[in-house]
2 protein chains.
Amino acid sequence: MTSVDGIEAATLPADDRGLQYGDGLFETMRIAQGGVPLLERHLARLGDGCARLGLPLPDAAALRGELGAACAGVAAGVLKLVLTRGSGERGYRPPQRPAPRRILSLHPSPAVEADAAARGVRARSCTTRLAIGGPLAGLKHLNRLEQVLARAEWRDPGIAEGLMLDAEGTLVGGTMTNLFLLRAGVLHTPTLDRCGVAGVARGLVLECAPEVGLRVEQRRIAPDELAAADALFVCNAVVGIWPLREVDGRPQGGVERLADLVRATRARGLP
Amino acid sequence: MTSVDGIEAATLPADDRGLQYGDGLFETMRIAQGGVPLLERHLARLGDGCARLGLPLPDAAALRGELGAACAGVAAGVLKLVLTRGSGERGYRPPQRPAPRRILSLHPSPAVEADAAARGVRARSCTTRLAIGGPLAGLKHLNRLEQVLARAEWRDPGIAEGLMLDAEGTLVGGTMTNLFLLRAGVLHTPTLDRCGVAGVARGLVLECAPEVGLRVEQRRIAPDELAAADALFVCNAVVGIWPLREVDGRPQGGVERLADLVRATRARGLP
């Protein structure tokens, strides 16, 4: 199922600025029992992104209705919302009165190892670096070629995620996830002031950590800190928390240390 | 006129990776007397971009035929080719055997002051910075949100272009053009190893400069060097060379010093 501006449609106008320039945002939401567990967080982030890009926010009630209708009766799946600046003339200049376009699509749940949360997944390091310092840091915008190039680096289905560094060689996160390191009772996660996406699951983890006795530090993290961590995990709103049991072939322990955090985030809507 | 994969169509599939991730490239070409004057350069750059993104290059003969048909009988205009990685499932990972999609559209020539090349245009400095150090430097790819945000900074139709700095505060170029500074018989232009687009017109200028007695230096250029230039210009394949007669309200002289270079590039296909 795909809809464009609320009407079932498989196509959209070729002059859409989402296609022409990546001029827009997206949200990838987990569907569970006919609803989106973290809907308010997704809508809040979308609103923040619209404000930063100068994009009119769609009518909230209409959008909620549309999202609700799309996942009604769906036991499990993924709902992706793309919001673009709509059609426009050729040229970077945004239309003076843009008519943003919503593209909503329903997808199957990702194929994930059944016991990924309990056992952990394998990850690798990507060589593709993330550019730093532009105006888009933290946003879930449509300019995702860096992630595409990073994800193209491996095809082994046994590798669940690739970790990315920024242009200066500090850790940013996974291609589609945020990254956390647990060490001596403190959770460390990369700051996202220069690049990266501020994930909905990341936000939830930051809130839940104190509830399970973990202090959180957001800072620049060097890749050699990975090996010294008591436990590592990546997360997003669709897969939840994925402990890492291996990075670049090096075994990583500590999955069991994350059990309380996993429980706390599940109680708040992560899978 | 818009065509998708050679067939007249105003829409394209919503699962196109150009829309979903900006996973693709584009070329904006000037049409003159039913042809594209710099066609070989555009196709060469497209080929380079395809190689860097791991995108299969469309069949060259078919593409040439399609471009030729699109501008047949058109006295003047702009032909835009968007080449995406085609449709794909949700997720950053490119399809194993992508079927790239071509979106070709015909546009009117931009409204330009009639004597822009002789008299120069007015430019301003943008506050939007370009991120540096990723894998996309130099490419004419579809991730153009930074340029969109920069172009959104002004609406005064008397300002023809905005100049952009990278995250470290060095000059990169205009939102849609490359930048050159003339000083003491040497042409200086920013290196594009960290961000920016290697324009077709820029390449032509680099080649023509020695023919008119100008040495060229590609290097990092600080914004305060603008005021010390004997002449300044921006260029792209559609508008050609635009001398700057004013930057941020400061008058800039030297337009006449560029006359030989303008003549030489016109002889090679710039307008």
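The preceding data block contains the structure.
Since this is a predicted model, take the numbers as computed values, not measurements. (Residues numbered from 1 in each chain as written. Chains lettered and ligands numbered in written order. Predicted model: local features only at pLDDT ≥ 70, side-chain atom pairs only at ≥ 80, totals over all residues. Heavy atoms only, no water.)

Draft legend 1. Quick peek at the interface of chain A and chain B. With 59 residues of chain A at the interface, the matching set in chain B holds 59 residues. At the junction of chain A and chain B, the tally comes to 0 salt bridges. Mapped onto the side of chain A that touches chain B, the elements with two or more residues apiece are β3 (11-13), α1 (17-21), β4 (24-32), α2 (39-53), β5 (76-84), β6 (101-107), β7 (121-130) and α5 (145-151) of chain A. Of all the elements, α5 of chain A adds the most residues to the side of chain A that touches chain B, at 6 residues. The residue makeup of the side of chain A that touches chain B, split by class, is 29 nonpolar, 17 polar and 13 charged. (Contact = heavy atoms within 4.5 Å. Salt bridge = Lys/Arg side-chain N within 4 Å of Asp/Glu carboxyl O. Helix = DSSP H or I, 4+ residues; strand = E, 2+ residues; numbered from the N terminus. Nonpolar A, V, L, I, M, F, W, Y, C, P; charged D, E, K, R; others polar.)

Draft legend 2. How the structure looks around unusual backbone geometry. All names here are of chain B. Even without glycine at this site, Q33 takes up a positive phi of about 50°. The residue Q33 is located in the loop between β4 (24-32) and α2 (39-53) in this model. The residue D248 is not glycine, and still its phi comes out positive at about 50°. With respect to the helices, strands and loops of the structure, D248 is situated in the loop between β14 (240-247) and β15 (250-251).

Draft legend 3. Region of interest: the nonpolar core. With 68 residues, the main nonpolar core has L53, L67 and L79 of chain A together with L53, L67 and L79 of chain B as its most contacted residues. Excluding residues within four positions of it along the chain, L67 of chain A makes contact with M29, L39, L43, L79 and L104 of chain A. (Core = buried A, V, L, I, M, F, W, Y, C linked by side-chain atoms within 4.5 Å. Buried < 20%, exposed > 50% of the residue type's maximum accessible area, 1.4 Å probe, protein only.)

Draft legend 4. Region of the structure containing the relation of the copies chain A and chain B. Expressed as a screw transformation, the operator carrying chain A onto chain B has a rotation angle of 180° and an axial translation of 0.0 Å, and the superposed copies differ by an RMSD of 0.0 Å. The superposition operator between the copies reduces to a two-fold rotation axis. Comparing interface residues between copies, 100% of those in chain A also sit at the interface in chain B, which points to an isologous, same-surface contact. (Least-squares fit on C-alpha atoms with pLDDT ≥ 70 in both.)

Draft legend 5. Main features of the side chain of T170 of chain B. Residues and elements named next belong to chain B. Mapped onto the secondary structure, T170 falls in the loop between β8 (159-165) and β9 (171-174). A distance of 2.6 Å separates a polar atom in the side chain of T170 from a polar atom in the side chain of D166. Excluding residues that lie within four positions of it along the chain, T170 makes contacts with M164, L165, R194, R220, I221 and P223. (Polar contact = N/O pair within 3.5 Å; in protein donor to acceptor, adjacent residues only side chain to side chain.)

Draft legend 6. Geometry of the sheet that holds strand β5 (residues 76-84) of chain B. Residue and element names in this part refer to chain B. With antiparallel pairing, 5 strands are arranged side by side in an open sheet as β2-β1-β6-β5-β4. Only two strands of the sheet have a single neighbouring strand rather than two, namely β2 (7-8) and β4. Pairing analysis gives 3 bridges linking strand β1 (residues 2-4) to strand β6 (residues 101-107), with the strands arranged antiparallel. Bridging from a neighbouring strand, V4 pairs with I103 of β6. (Pairing = 2+ DSSP bridges.)

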